[in-house]
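Listed here are the chains, written in short residue letters.
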Amino acid sequence: MTIYIFDGSFDGMLSAVFDSFARKENVDILQTSEAPLPLFYDTLHEVATDNEKASRVWRKFRKTVSKGASSALTAAFLTDSADFPLHALRFISRAVTSTSTIENDFSDPSVLAVLKEVRRVRGEAHRLLQFVRFQKAADGTYFAMTEPMFDVLPMAVNHFVDRFSDQPFILYDGCRDYGYHYDGTETRRITLSETQGRITSSGKLTADIADKSERLYQDLWRTYFKAIAITERTNPRKQRQDMPVRYWKYLTEMNE
C-alpha cells in the first residue's frame, strides 16, 4: 500500500500527481497529515507542494479535457469528502495518459465521484445565495455571517459584487474564519478577529456598530415574513427541506 501525505490544497494534490508519475507509483491513499495512518503500509511519501509541478500537471490536464470538466473538478475539490483528493488524483492521472476523453466514462469511480461532489458543492453555493441576510453597519457597510457546508465563498462572492456594485459589504464564513470585503471598487480576503465581542453568536451586529435603522428593518422583515405565511398550509418538513436548518441561525426571519 502506497500512501501520499499532502497539505490538503489543490496545488498539493496536483503536486502529488506529478510525484506519482515521477516515482512511477500507484497511490492507494492520499491524505493530510492530520488524518491517522493505517496500521500497515509499504510506502509513505510526503508531497511537497510545488507550484511549478502543479502548473505543469494542470496545463496538461486542461489540454485533455473540456473546460466544463476542469471547472467541475476545481469546484468538486471544495467538498468535505476525505476520499475525494484520491479520486481527483486518479481522474487527472487517467485523463493525461488516456488516448481518448474520459469525462463521460461513467463506469470510472473517479468520474462518478467528480460528478457527485460537484453537484453537492454547487448546490451549497446556490443555497448560500438564497439564504444570506445582510445587516447595515453604522459606517454604511453591509455585513453577512454564514456557515456553509463547504468552502464556497469564492464561488459566491462575485454574485454579490454584481448585486452590490456601489455598496461596500463583508461576506464572512464563520466556520472557516475568513471572508471577503468589497469596498465598492475591489474585493479582498479578510479575517475579523479584531471584532470579537461586536458580533453576536447569531451573526448579528451589536448595537454600537449597527446602523440605527437596522433593528427596525429586521422587525419589518419578520413582520412581512409572518404576514405572507398561510397558517393552514404550514409544512415544517417541507420547510426544512427547502431551507436547511443549518442556515436558520443567521436568518433574520427565523430569529426573534
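Above this text you will find the structure in question.
Residue numbers run consecutively from 1 along every chain, following the written order of its sequence. Since the coordinates come from a predicted model, pLDDT governs what is reported: local features require at least 70, and pairs of side-chain atoms require 80 or more to be given and counted, while whole-chain, interface and lining totals use all residues. To obtain the side-chain values, all non-hydrogen atoms of the structure were used and water was disregarded.

## Notes on the side chain of Asp173
What counts, and what does not: Labels follow the DSSP assignment, with helices taken as runs of H or I lasting at least four residues and strands as runs of E lasting at least two, numbered in each case from the N terminus. For the purposes of these results, a polar contact is taken to be a pair of N or O atoms within 3.5 Å, where, inside protein, one atom must be able to donate a hydrogen and its partner to accept one; residues adjacent in sequence count only when each atom of the pair is a side-chain atom. Here, residues are in contact when the closest pair of their heavy atoms is within 4.5 Å.
Here Asp173 lies in strand 6 (residues 169-173). Separated by 3.0 Å, the side chain of Asp173 and the backbone nitrogen of Cys175 make a polar contact. With residues near it in sequence (within four places) discarded, Asp173 still touches Met145, Thr146, Glu147, Pro148, Asp151, Leu153, Tyr178 and Gly179.

## Focus: the side chain of Thr252
The test is simple: In this scheme, a residue with accessible area under 20% of its type's maximum is buried, one over 50% is exposed, and one in between is partly exposed, where area comes from a 1.4 Å probe on protein chains only.
Structurally, the position occupied by Thr252 is in the segment after helix 8 (236-242). Overall, Thr252 belongs to the buried group, its relative accessible area being 8%.

## So, the sheet that holds strand 5 (residues 142-146)
Keep this limit in mind: Whether two strands pair depends on DSSP finding at least two bridges between them.
The 5 strands lie next to each other as 4-5-6-7-8, forming an open sheet whose pairing is mixed. In this open sheet, the two edge strands, each paired with only one partner strand, are strand 4 (135-136) and strand 8 (187-190). One ladder, built from 5 bridges, connects strand 6 with strand 7 (residues 178-182); its direction is antiparallel. Looking at the pairing, Ile170 lines up with His181 of strand 7.

## Section: the packing of helix 2 (residues 51-64) against helix 3 (residues 67-76)
Applicable threshold: An axis is simply a line fitted to the C-alpha atoms; with a helix, the fit covers only the stretch in contact. Between two such axes, the angle follows the N-to-C directions and lies from 0 to 180 degrees. Orientation categories follow fixed angle ranges, with anything under 35 degrees roughly parallel, anything over 145 roughly antiparallel, 65 to 115 roughly perpendicular, and all other angles oblique.
Contact geometry of helix 2 with helix 3 gives a least axis separation of 8 Å together with a crossing angle of 135 degrees. Viewed along their axes, helix 2 and helix 3 adopt a mutual orientation that is oblique. On helix 3, the residues that touch Trp58, Phe61 and Arg62 of helix 2 are Ser70, Leu73 and Thr74.

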